[in-house]
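Secondary and tertiary structure notes
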Amino acid sequence: MGSYQPLKNYFGEELARRLAELIKPIYPDFPGAHFVNELKKNVGPLELKARVRLMAEELHRTLPFGYPDQIAVLLKILGPENENEHGIFTEGYFLMPVANFVERYGVEHFRISMDALYEITKRHTSEYAIRPYLLYYPEECMETLITWSYDSNFHVRRLVSEGTRPRLPWAKRINVLGGDPLRNLALLEPLLDDNSGYVRRSVANHLNDLTKDHKQVTIKWMADKLSRGWKHGPKMVRHALRSLAKSGDPDALAMMKEL
C-alpha cells in the first residue's frame, strides 16, 4: 500500500498538466506550459480550497477570451456523464476547478452559467458553485430549480436539494430561499419519493438543516406529508429529525415515536 496523500496534493502540477492536455485539442493555442508552470510556481504552500481557486484563476488568466467563450471551451473537457450514484468527488475531482470557475467568474452570465452547472453536476457536483446564483438571482434560480426537480438525471435532481441546503457541509451557510422555509420545502416536495436513494438522502439532510432554524414549520410540513401517504416518509423523517432527537427535543422525540 502506498503512503497516504492529502487530497490537496491532487490539485497540483499533475492535474494542471491533465487540464492543459484536455484543453489543447479544443483550443490549440492554449499555452499549456505556461499554465502548468504558473500552477507549479504558486501552488506549494496552499491548502485544498486555495489550490482549486488558483487553478480557476489561472484558467481565467490563460484562456484569452471573455467568459462565455472560456466556459464553452471548458465544457468540452467534461467527459462522459457519471451514470452512478457515487464518484462525483472521486472520478469527478478534476472538474472541481471548472465548477469553481463558474462560481467565481460567471455570475454576470446567469443562463450560460446555469446551463454549465447543469452539465458539470452530471459529472462532478455543482452544489457549491450554484450558491452565489441563489443569492443574486433568487427568482430565476427558483424557476430553474423547479424544472430541474423533475429532470431525468438523478444528479440534477439531487442538486436541487443539495445546492440549496442552508447548512451544506464545507460551504458558507445561506438563508432559506427568499427568507421563507416554505420555498425550500416546495423544491423538496417533488423529490420526497424520488426513485433514487441518493436524492432522498440529500432531501433528508436538507430537512435536517431546516429543523435547526425553522423547526415548527418543518415538523408540521413533514407531518402533513406523512398523513398524505409519503412512501419513504418514516425513514426520511427519522434522518431529518436526528439532530433534534439527539438534543432531546420533545417535539422531535414525540414525532419519531409515532413513526
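Please refer to the structure placed before this passage.
Keep in mind it's a predicted model, so treat the numbers as computed, not measured.

Helix and strand counts for the protein chain stand at 15 helices and 0 strands. By its C-alpha atoms, the protein chain is 65 × 45 × 30 Å across when sized along the principal axes. Taken over 259 residues, the protein chain has a buried fraction of 51%. A separation of at least 24 residues holds for 68% of the contacts in the protein chain among residues at least 6 apart in sequence. Summed over its atoms, the accessible surface of the protein chain is roughly 13,000 Å², and 53% of this surface lies on carbon and sulfur atoms. In the protein chain, which carries 36 positive and 33 negative side-chain charges, the distance between the mean positions of the two groups comes to 5 Å.

Per the counting criterion, the structure on display carries 11 aromatic pairs. Where Y10 meets F11, the ring centres are 5.1 Å apart and the plane angle is 80 degrees; that geometry is what we call edge-to-face. The exposure class assigned to Y10 is partly exposed, which follows from its relative accessible area of 32%. Ring-pair connections join several aromatic residues into one group, and the members of that group are Y10, F11 and Y93. Between R18 and the ring centre of F94, over which it is positioned, the NZ or CZ distance is 4.0 Å.

Now for the layout of surface pockets. Roughly 900 Å³ of internal volume is contained in the largest pocket. If you trace the largest pocket, you find 32 residues lining it, with E103, Y128, R131, W170 and A171 closest to the centre. For the lining of the largest pocket, the secondary structure elements donating two or more residues are helix 3 (48-62), helix 5 (96-105) and helix 7 (131-136). At 5 residues, helix 5 tops the list of elements feeding residues into the lining of the largest pocket. Considering only residue class, the lining of the largest pocket consists of 18 nonpolar, 7 polar and 7 charged.

The next point concerns the pattern of salt bridges. Applying the stated criterion to the full structure yields 22 salt bridges. E139 is the salt-bridge partner of R183, the closest N and O atoms lying 3.0 Å from each other. One end of the pair, R183, is in helix 10 (residues 181-188); the other, E139, is in helix 8 (residues 138-148), with 44 residues separating them in the sequence. A relative accessible area of 48% means that E139 is categorised as partly exposed. What you see here is one network of salt bridges that share partners, running through E127, R158, E162, R165 and D209.

Turning to helix 2 (residues 32-42), its buried residues are G32, F35, V36, E38 and L39. One face of helix 2 carries all of its buried residues, which in axial projection span an arc of 160 degrees. Away from its buried face, by an angle of more than 90 degrees, helix 2 presents the exposed residues A33 and K41. Where helix 2 is buried, its residues contact helix 1 (13-23) and helix 3.

Here we take up the environment of K225. Tracing the chain through its elements places K225 in helix 12 (residues 215-227). K225 sits in the buried class, given a relative accessible area of 11%. The spacing of K225 and E189 is 36 residues in sequence and 8.9 Å in space, taken between C-alpha atoms. Residue contacts for K225: discarding those within four places in its chain leaves E189, L192 and W230.

Before going further, it helps to examine the nonpolar core. Among the nonpolar cores identified, the biggest contains 77 residues, and I23, F35, L74, Y133, W148, L207 and M222 are the most heavily contacted of them. In this structure L207 touches L185, L188, T218, W221, M222, W230 and A240, once residues within four positions along its chain are discounted.

About the thresholds
- Residues numbered from 1 in each chain as written.
- Predicted model: local features only at pLDDT ≥ 70, side-chain atom pairs only at ≥ 80, totals over all residues.
- Heavy atoms only, no water.
- Helix = DSSP H or I, 4+ residues; strand = E, 2+ residues; numbered from the N terminus.
- Buried < 20%, exposed > 50% of the residue type's maximum accessible area, 1.4 Å probe, protein only.
- Contact = heavy atoms within 4.5 Å.
- Areas by Shrake-Rupley, 256 points an atom, 1.4 Å probe, with all protein chains shown as cover.
- Lys, Arg positive; Asp, Glu negative; His and termini not counted.
- Charge placed at Lys NZ, Arg CZ, Asp CG, Glu CD.
- Phe/Tyr/Trp six-rings, centres within 6.5 Å; stacked < 30°, edge-to-face > 60°.
- Lys NZ or Arg CZ within 6 Å of the ring centre and 35° of its normal.
- 1 Å grid on protein atoms, 1.4 Å probe; cavity = no way out; pocket = protein on both sides within 12 Å on 5 of 7 lines; lining within 4 Å.
- Points joined across faces, edges and corners; volume = space filled by probe spheres on them.
- Nonpolar A, V, L, I, M, F, W, Y, C, P; charged D, E, K, R; others polar.
- Salt bridge = Lys/Arg side-chain N within 4 Å of Asp/Glu carboxyl O.
- Arc of directions from axis to C-beta.
- Core = buried A, V, L, I, M, F, W, Y, C linked by side-chain atoms within 4.5 Å.

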